[in-house]
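Spelled out, the chains give:
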Amino acid sequence: MNTKRLLLALFGSLLLAIPGHAASLLITNGIVFTGDEAPSSQLDILIEDGLIEAVASDMSAVEADRVIDAAGRPVTPTLFAGITAAGLSEIGMVYEAVDSRLNELYTGLMHPEFDVRKAYNPLSSVVPVTRIEGYGYTLLAAAFGDRTISGQGSLVRFDGGFNSFEGNTTIFVNVDGYSGNKIGGSRAAHWMLLETAFSSLATKKGSGLWLTHNEHPLINKTGRETLKNTRENGIFVFRANRASDILQALAFSQKHQLKAIISGGQEAWVVREALAASGTPVVINALDNLPGSFDGLGARLDNATLLHAAGVTLLFTSGETHNARKLRQVAGSAVANGLPYEVALSAMTSLPAEIFGGKPRMILPGLRADLVIWSGDPLDVTSAADQVIIDGKLDPMTSRQTELLKRYLPTETGLGRAYINP
Amino acid sequence: MHKPICILVTLLISVAAHSQPEAFPSTYAAPPGQPVLFKNATILTGDGRRFNETDLYIAEGQVQWIGEGEIAHGTIEVDANDRWITPGLIDVHSHLGVYPSPGVAAHSDGNEATAPVTAEVWAEHSVWPQDPGFSRALAGGVTAMQILPGSANLFGGRGVTLKNVPSVSYQSMKFPGAPHGLKMACGENPKRVYGGRTQAPSTRMGNVAAYRSAWIRAQRYQADWDRYNQAVEDAAKAAADDTSGASVASALLTNTPPRRNLELDTLSGALRGDILVHMHCYRADEMLTILDMAKEFGYRVGTFHHGVEAYKIADELAENGVCGALWADWWGFKIEAYDGIQENIALVDRPAGGCAIVHSDSDEGIQRLNQEAAKAMIRGNRAGLDIPPERAIRWITYNAAKSLGIHDRTGSIESGKMADVVLWNQDPFSVYAKPLQVYIDGVMRYEQNNPSLSPQSDFELGQLMGATQ
């Protein structure tokens, strides 16, 4: 390991940040994974004004404002962080700093109009903590909870922008046993309510929908309008683990012509043929191998492998927000259990953008230069992001956590740690 | 407390303890295993040493030798070329069995959250041995673990150290002779649980006041027993001396032992050092408060658990001989976990005498302690701390055994120690590493891709019948 380089990454970040607007950047000798399922190969990457200008085997003759020798290190597009509340949840249990769910004040059973993007804070410490680990974007989610529809979100890019949303509006639907039990004592209640709401979309009026008993309106007018508007271009993420629930979600989506995605999918392998036939992607946590609930009795480590072999499109999520950086380990574990390496890496880079309608995340000429130079295999726990590049600019590679390290790494403390300010 | 008194107290209590049968004793006995010779392995011994292309021989339940030596007739030879061997992994912080899978409400047996001081409860009485998590942890190379009560209470109760052997009872999993642990908790959890009921403690100062009050009661209880035991001894001595004027008072006292109290049995056991203190604590300042309190009452804090800010007081922890059982990268799930950094473990490991441990507190994390240790190792190395694998492996083997008081028997590969070993397909510090074989007391308990050595709990049997494999 090159210690000097690492120290530079840790402590030389200011030096790197100042010329961050360099118009052209040449990365040489990278082992480049472009984002499709093709194996990596040694390439140079030329970046101009934030865009990838060229990707070729030897551009050492090209003059650039700045040159980084990747020296055989892997280079990938920035990674997808999974389905998270990054920028919505500063601290998990400090509820006034968490904006990913609607609480008891709003008692409707479906709130598709609840848009978490309105609460997104790019200055949250979670964003740089995640970004400097090589993650460039996430699917911002209305937290799955007890409601049948918990809200909407979309992709967001970790570029620090207040409005860096991309892709299709995504609606989060719960159809699992846990939430079913909460809303009506049965998961069938979800389908009853969804059917009621979606059937009403074809009629002119939805009268009565928001005037149900027990102060639990099914859906309000705005929510109904949201469903109408998102039915065609939106994406519906169904939270389901049990095989039978997944099949219900597929049938419902087919009937109402929805673009569906399954999230959870612990027993997706059981119904993999149906998933493949309908072209429905599944977002799984590849570490799930315990029957955590009666919805997931069939959870197994080779779920990803079986799904892929059957032709199902896979994505990963860890269920974590603060530790979303763990997702590389999740994907690596899928590979360790039989998933082809390039399939996993594609699911971590380009595929989520494609599925959720974001801008392409690939290393190809003309595309945005969002990429990462890794110290080693990006899917292994023994590697880390050496340099994140967003819009062709070098990320300063600092976060609240690197600042804490700088304060506590020195053994000489002088007047005290509070005086060690980066 | 002065040291001579401590010694005396221990002596007397051990006398008294003999008079009572051990409660819920271990019934674990290793079946006979065949002698095994691992040929040409890379061996991380768990105590800091590394051997390349070296043989290891285990027989009669014990590590026999590393390098060269005699082998018995009928020894099984395992080609360990390009394979790695480590001690069996040990998790000092697990809730398997007490918060088992499936996590239904009726299985929620880890927190007796009905009073802030419940030192009288024992985690083992909540352990469901059919938790499928045990076999998953075994497939991850875990051979022993401590099952702890949760952190709702200031004193959560006793933890138990188990061998990871599938069984119908926890008694037959209990690590023979392992001391009990005492689970204590700092910070947010107890004050949230009880403060939320307008009950003490509702603040951190309330937490400390309640710990101290409990220790004062335990000291009094200990003194009562000391007096009683002294009287018993005096009476016995008088009888032996055949002085007919044996102390009447002593005889009377002998007839009226103090009333046993389960809560104070546990607390006084911790004061004496018979029960090891495992303290859930996140913040640096709170850990220092706890160390002062331990000095006030003359007990030792064995291990701080979670210690997300342990890196801020790494020197103090090392000076006090306290271990830090930590996560590689968890942070931010509550405000006392806000300052978590990925270099925490490496920084706690840095000072001379530092005792860093990777713990899981998770049914997922316990399956890949090697990967958690790998993450911590690489973060230390990137910060310039130069931690080789033979050092990092201590965090999930020897140091963990030390924290549980079983390091004289397991936790490292040394001749005479329990043959708790894992054969890995490669360097264990990788997401691609997997145990090929796991031995406990020299008996192979798990083998990859071998259905006859892949235990399943009763709960898992016959599930999902009809699903296409």
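Rules used throughout
Residues numbered from 1 in each chain as written. Chains lettered and ligands numbered in written order. Predicted model: local features only at pLDDT ≥ 70, side-chain atom pairs only at ≥ 80, totals over all residues. Heavy atoms only, no water. Contact = heavy atoms within 4.5 Å. Buried area = accessible area lost by both parts, 1.4 Å probe. Salt bridge = Lys/Arg side-chain N within 4 Å of Asp/Glu carboxyl O. Polar contact = N/O pair within 3.5 Å; in protein donor to acceptor, adjacent residues only side chain to side chain. Helix = DSSP H or I, 4+ residues; strand = E, 2+ residues; numbered from the N terminus. Nonpolar A, V, L, I, M, F, W, Y, C, P; charged D, E, K, R; others polar. Phe/Tyr/Trp six-rings, centres within 6.5 Å; stacked < 30°, edge-to-face > 60°. Buried < 20%, exposed > 50% of the residue type's maximum accessible area, 1.4 Å probe, protein only. Lys NZ or Arg CZ within 6 Å of the ring centre and 35° of its normal. Disulfide = S-S within 2.5 Å.

Draft legend 1. Looking closely at the interface of chain A and chain B. Each side of the interface is counted separately: chain A has 56 residues, and chain B has 50 residues. For the pairing of chain A and chain B, the buried interface totals around 4600 Å² over both sides, and the portion due to carbon and sulfur atoms is 57%. Our count for the chain A to chain B interface comes out at 4 salt bridges. A salt bridge links R379 of chain B to E133 of chain A; its shortest N-O distance comes to 2.7 Å. Between chain A and chain B we count 26 residue pairs in polar contact (both at pLDDT 80 or more) in total. For the side of chain A that touches chain B, the secondary-structure elements that each account for two or more residues are α1 (3–11), α3 (126–131), α10 (327–336), β15 (385–390) and α13 (400–408) of chain A. Here the side of chain A that touches chain B gets 6 residues from one element, more than from any other, and that element is α10 of chain A. Split into classes, the residues belonging to the side of chain A that touches chain B amount to 28 nonpolar, 16 polar and 12 charged.

Draft legend 2. Examining the packing of aromatic side chains more closely. By the definition in use, this model includes 24 aromatic pairs over all chains. The interplanar angle of 50° and the centroid separation of 5.6 Å between the aromatic rings of W191 of chain A and F252 of chain A together place this pair among those described as tilted. A residue pair is termed long-range when its members are at least 10 positions apart, and W191 of chain A in helix α5 (residues 188–200) and F252 of chain A in helix α7 (residues 243–255) qualify at 61 residues. Judged by relative accessible area, W191 of chain A falls into the buried class, the value being 13%. When the centroid spacing of 5.4 Å and the interplanar angle of 85° are considered together, the rings of F38 of chain B and Y439 of chain B count as edge-to-face. A residue pair is termed long-range when its members are at least 10 positions apart, and F38 of chain B in strand β1 (residues 36–44) and Y439 of chain B in strand β15 (residues 435–440) qualify at 401 residues. On the accessibility criterion, F38 of chain B (1% relative accessible area) is buried. An aromatic cluster of three or more residues is present, and its members are W191, F198, F236, F238 and F252 of chain A. Between R361 of chain A and the ring centre of Y137 of chain A, over which it is positioned, the NZ or CZ distance is 4.0 Å.

Draft legend 3. Focus on the state of the cysteines. Residue and element names in this part refer to chain B. If you walk through the whole model with that rule in mind, you get 2 disulfides over all chains. Between the sulfur atoms of C186 and its disulfide mate C281 the distance is 2.0 Å. Given an S-S torsion of about -80°, the disulfide between C186 and C281 has left-handed geometry. Of the two residues, C186 sits in the loop between β9 (181–185) and α3 (188–195) while C281 sits in strand β10 (residues 276–281), which places them 95 residues apart along the sequence. Bridging C323 to C355, the disulfide has an S-S length of 2.1 Å. Its torsion about the S-S bond being 80°, the disulfide of C323 and C355 is classed as right-handed. Of this pair, C323 sits in strand β12 (residues 323–326) while C355 sits in the loop between α9 (344–349) and β13 (356–358), placing them 32 residues apart in sequence. Summarising the burial analysis for this pair, C323 and C355 share the class buried. Counting only the cysteines that take part in disulfides, in the order they occur along chain B, gives the pairing 1-2, 3-4.

Take it as geometry only, folks, not as evidence of what the structure does.
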